[in-house]
Structure formats: structure tokens, C-alpha cells
Amino acid sequence: MKRMSEFMDLYKGVPAAVLGGGPSLPEDLKKVPKGSVLIAVNYHALRLVDAEFMVFNDDPLGDPRLFAAAKDFGGVRVNPDKNFSDVEFDVPVWTGFFSSNTAAWFALWMGC
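Residues numbered from 1 in each chain as written. Predicted model: local features only at pLDDT ≥ 70, side-chain atom pairs only at ≥ 80, totals over all residues. Heavy atoms only, no water.

Caption draft 1: Local environment of the environment of Trp109. Topologically, Trp109 is positioned in helix 3 (residues 99-109). Here the alpha-carbon distance between Trp109 and Leu10, two residues 99 residues apart in the chain, equals 8.4 Å. Non-local contacts of Trp109, meaning those with residues more than four positions away in its chain, are made with Met4, Ser5, Phe7, Met8, Asp9 and Val91. (Helix = DSSP H or I, 4+ residues; strand = E, 2+ residues; numbered from the N terminus. Contact = heavy atoms within 4.5 Å.)

Shown next, in the form of C-alpha cells:
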């Protein structure tokens with residue numbers, strides 16, 4: 001398991017796309033610059049792209065779709081619960097109230 005501190009400025013200057021589950025996502029994906037770091041918020045975007053990161057604050061045990069996506073995801077899972085995360089939160093992380101807050105913070109933490 002990697003530590004969150006290891007991700008600081010890992011992608012400095014590289015654009016990131018924080019991909020939520022809104023109805024505009026398929027059209028918005030066409031605007032994402034090539035070479036962007038793709039960060040899926042929960043599981044919605046994983047139906048459309050192969051994201052490098054999946055960020056979710058919720059407990060996957062409470063949502064069968066989230067659990068299945070987290071279990072099968074081949075990239076790096078970022079979740080406050082160590083049981084579902086590939087990243088240990090060894091620094092203060094702003095999780096806000098939504099998974100999208102954590103995903104945006106994570107993109108900035110990585111220097112995007």
C-alpha cells in the first residue's frame with residue numbers, strides 16, 4: 001500500500017479530469033485534454049473510460065454497485081477506509097462531504 005504523502009506533486013503540471021456521474025459526462029469526456037490523469041468519482045465513469053484512480057468516500061458494503069466496481073477496479077483505489085483503499089491517508093486529507101471533494105483535493109495534491 002502506498003502512502004498519500006508519496007503522491008504529492010507526482011503529476012505536477014499534468015491536467016487531471018475528475019469524472020463524476022452527471023448526464024453530461026459522455027459529452028464532457030470529448031473535451032478532456034490528451035494525457036490527462038483520469039480520476040473516477042465512485043464508479044460511474046468506469047463504464048466509459050479506464051481511469052488511473054477511483055476515489056470514493058462511501059462504504060462500498062452499503063452499495064453493491066460500488067462494491068463490485070471497487071473490487072474489480074485495476075487502478076489505484078482511494079478511500080478513507082483502509083480496507084478498500086490502495087492508499088494510506090498518512091497526511092491530513094480534505095474529504096469534504098462528497099467523494100468529488102476528495103477527488104478534487106487528490107488531483108491538486110498530485111500537482112495537477
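Caption draft 2: View of the sheet that holds strand 2 (residues 16-19). Across the sheet, which stays open at both edges, the four strands sit in the order 2-3-4-5 with parallel pairing between neighbours. Where the open sheet ends on each side, the last strands, each with one partner, are strand 2 and strand 5 (76-78). Averaged over all pairs of adjacent strands, the angle between their axes in this sheet comes to 20 degrees, without regard to strand direction. Across three bridges, the pairing between strand 4 (residues 53-55) and strand 5 is parallel. Following the sheet pairing, Met54 is matched in strand 5 by Arg77. Along the sheet face, helix 3 touches strand 2, strand 3 (37-41), strand 4 and strand 5 and points at about 160 degrees away from the line of strand 3. (Pairing = 2+ DSSP bridges. Axes fitted to C-alpha atoms, helices over the stretch in contact; angles between N-to-C directions.)

Caption draft 3: Broad picture of the pattern of salt bridges. What the rule picks out here adds up to seven salt bridges. Between Glu6 and Arg3 there is a salt bridge; the shortest N-O distance is 4.0 Å. On the accessibility criterion, Glu6 (37% relative accessible area) is partly exposed. A relative accessible area of 41% means that Arg3 is categorised as partly exposed. If you follow the salt bridges from partner to partner, you end up with Arg3, Glu6 and Asp90 in one network. (Salt bridge = Lys/Arg side-chain N within 4 Å of Asp/Glu carboxyl O. Buried < 20%, exposed > 50% of the residue type's maximum accessible area, 1.4 Å probe, protein only.)

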